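If you want the building blocks of each chain, they are given just below.
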Amino acid sequence: MDSRPIGIFDSGLGGLSAVKAVLELLPNENIVYFGDTARVPYGSRSNETIEKFAKEDIAFLQQFDCKLIMAACGTVSSVAKKATSEIKEPFIGVVKPASNAAAKATRNGVIGVMGTSATINSGSYSNEIAKINPQAKVVGVSCPLLVTLVENNWIDEDNYIAREIIKRYITPLMEQGADTIILGCTHFPHLAPIIQSVAGDDVVLIDTGLEAAREAQRVLRAQDMESPAENSGEAHYYVSDKTQNFSAVAQTLLGRDISGEITFMNVKDRL
Ligand code: DGL
């Protein structure tokens with residue numbers, strides 16, 4: 001048993017999809033979340049910058065004596081190999097768990113991946129899926145505009161603009177026959193209802209945040225590191241900038257008001 005917190009970070013608020021899943025699957029766990037809202041998006045930056053940001057985010061979370069660290073960010077999980085391999089705590093990224101789930105889910109062996117430009121350019125999902133099923137065909141598409149839609153709360157199903165952008169992005173995946181799509185950026189599960197309705201009901205969507213949360217559950221169980229059952233599970237949220245509508249966005253993404261629980265960290269003071 002171990003009641004130390006799970007540290008979860010993302011470039012912004014998209015990683016709350018992983019937090020939501022952890023809260024549901026592991027209600028006794030304490031969570032420290034860091035969203036780098038001052039520097040989102042990461043996905044259009046160079047690999048060097050993503051490594052640097054990831055290293056700082058990890059160092060920030062390590063101050064809380066976390067028992068496990070999760071990069072709830074497809075971009076960091078795909079690109080920041082050095083920063084994440086140096087983590088001394090057990091570490092979970094989103095690429096492996098989501099690739100495993102997709103390889104299991106596909107019926108025709110064609111898997112689509114939606115991600116940031118950095119994620120798609122890294123080839124992380126195709127490399128991981130090739131290890132599990134070398135016959136699978138992986139088709140990737142960079143969807144940079146979707147991060148902005150989520151960070152601005154444009155995620156309602158009736159949002160015509162969001163729907164049109166998604167249609168434009170996923171048409172090539174559908175044309176190549178993808179029967180499974182990895183929402184390879186933790187912002188994208190928040191757009192899942194629109195993506196599902198554009199892709200059609202037969203297409204299986206893989207939620208990276210949920211798969212990472214399942215992996216965390218597996219790791220904690222295997223290492224006997226779960227929080228005691230009597231622990232009520234507290235979450236603390238830190239952001240590097242109070243962007244104008246961040247509490248409204250967080251409320252939509254998590255389904256409850258956390259404005260009183262969010263602490264602003266000045267980027268310069270946070271380490
Ligand atoms: N949520 C992040 C990801 O999973 C990225 C969005 C970004 O910062 O570009 O890739």
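Residues numbered from 1 in each chain as written. Predicted model: local features only at pLDDT ≥ 70, side-chain atom pairs only at ≥ 80, totals over all residues. Heavy atoms only, no water.

Student: How do you make sense of the site of the ligand when you look at a structure like this?
Tutor: Close to the ligand lie 14 residues; Ser-11, Tyr-42, Gly-74, Thr-75 and His-187 are nearest. His-187 places a side-chain nitrogen or oxygen 2.6 Å from a nitrogen atom of the ligand. Burial of the ligand by the protein chains amounts to 99% of its free accessible area of 300 Å². For the shell around the ligand, a count of residues per class yields 6 nonpolar, 7 polar and 1 charged. (Near = heavy atom within 4 Å. Polar contact = N/O pair within 3.5 Å; in protein donor to acceptor, adjacent residues only side chain to side chain. Areas by Shrake-Rupley, 256 points an atom, 1.4 Å probe, with all protein chains shown as cover. Nonpolar A, V, L, I, M, F, W, Y, C, P; charged D, E, K, R; others polar.)

Student: In this structure, what is going on with a nonpolar patch on the surface? I would like to understand it.
Tutor: Taken together, the side chains of Trp-154, Tyr-160 and Ile-161 make up a nonpolar region of the molecular surface, amounting to roughly 340 Å² of accessible area. Here Trp-154 shows up in the loop between helix H8 (144-151) and helix H9 (160-175). (Patch = residues over 30% accessible without salt bridge, like charges linked within 9 Å, V, L, I, M, F, W, Y side chains within 5 Å. Salt bridge = Lys/Arg side-chain N within 4 Å of Asp/Glu carboxyl O. Helix = DSSP H or I, 4+ residues; strand = E, 2+ residues; numbered from the N terminus.)

Student: Help me understand the nonpolar core in this model?
Tutor: The tendency in soluble globular proteins is for nonpolar side chains to be buried as a group. The biggest cluster of nonpolar side chains holds 70 residues, and the ones touching the most others in it are Ile-8, Leu-16, Met-70, Met-114, Leu-146, Ile-182 and Tyr-237. When residues of this core are assigned to their parent elements, the largest contribution, 6 residues, is made by H9. In this view, Tyr-237 contacts Leu-16, Val-19, Leu-23, Tyr-33, Leu-254, Arg-256, Ile-258, Glu-261, Ile-262 and Thr-263; residues no more than four positions away in its chain are not counted. In terms of nonpolar packing, the next biggest core, distinct from the first, is built from 22 residues, Ala-54, Val-79, Ile-87 and Ala-118 among them. (Core = buried A, V, L, I, M, F, W, Y, C linked by side-chain atoms within 4.5 Å. Buried < 20%, exposed > 50% of the residue type's maximum accessible area, 1.4 Å probe, protein only. Contact = heavy atoms within 4.5 Å.)

Student: Looking at this structure, I do not really get the sheet that holds strand E5 (residues 110-115). What am I missing?
Tutor: Hydrogen bonds along the backbone pair up the strands of a sheet, which may run parallel or antiparallel. Strand order in this open sheet of 4 strands is E6-E5-E7-E8, and the pairing throughout is parallel. The open sheet terminates on both sides in strands that have one partner only, identified here as strand E6 (137-142) and strand E8 (204-207). Between one strand axis and the next, the sheet turns by 20° as a mean value, whatever way the strands run. As defined by bridge partners, strand E7 (residues 180-183) adjoins E8 across 4 bridges and the pair is classed as parallel. Across the sheet, the residue bridging to Ile-181 is Leu-205, located in E8. (Pairing = 2+ DSSP bridges. Axes fitted to C-alpha atoms, helices over the stretch in contact; angles between N-to-C directions.)

Student: What's the story with the sheet that holds strand E9 (residues 235-239) in this structure? I'm lost.
Tutor: Strand order in the open sheet made by the 6 strands is E4-E3-E1-E2-E9-E10, with parallel pairing throughout. Either end of the sheet is taken by a strand with one partner, and the two such strands are strand E4 (91-92) and strand E10 (262-264). Here strand E1 (residues 6-10) pairs with strand E2 (residues 31-35) via 5 bridges, running parallel. Looking across to E2, one finds that Ile-6 is bridged to Ile-31. Contacting E1, E2, strand E3 (68-71) and E9, helix H1 (residues 16-25) runs over the sheet at an angle of about 170° to E2. Across the face of the sheet, helix H11 (residues 208-222) comes into contact with E1, E3 and E4 while running at roughly 165° to E3.

Student: Help me understand the packing of helix H5 (residues 95-105) against H11 in this model?
Tutor: H11 packs onto H5 with a crossing angle of 105° between their chain directions and a minimal axis gap of 8 Å. Classified by the interaxial angle, the pair formed by H5 and H11 is roughly perpendicular. Contact residues: Pro-97, Ala-98 and Ala-101 in H5; Thr-208, Glu-211, Ala-212 and Glu-215 in H11. Each residue belonging to the contact of H5 with H11 can be placed in one class, and the counts come to 4 nonpolar, 1 polar and 2 charged. (Parallel < 35°, antiparallel > 145°, perpendicular 65-115°, else oblique.)

Student: How do you make sense of the packing of aromatic side chains when you look at a structure like this?
Tutor: The way to describe two aromatic rings as a pair is by their centre distance and the angle between their planes. A full pass over the atoms with the stated rule returns 6 aromatic pairs. On the numbers, 6.2 Å between centres and 55° between planes, the contact of Tyr-33 with Tyr-237 is tilted. Here the residue Tyr-33 occupies a position in strand E2, and Tyr-237 occupies one in strand E9, the gap between them amounting to 204 residues. An identical accessibility class is assigned to Tyr-33 and Tyr-237; each is buried. By way of ring pairs, the aromatic residues Phe-34, Phe-60, Phe-64 and Tyr-238 are connected into one cluster. Directly above the aromatic system of Phe-53 lies the positively charged group of Arg-39, at a separation of 3.8 Å from the ring centroid. (Phe/Tyr/Trp six-rings, centres within 6.5 Å; stacked < 30°, edge-to-face > 60°. Lys NZ or Arg CZ within 6 Å of the ring centre and 35° of its normal.)

The values reported here are purely geometric and, on their own, carry no functional implication.
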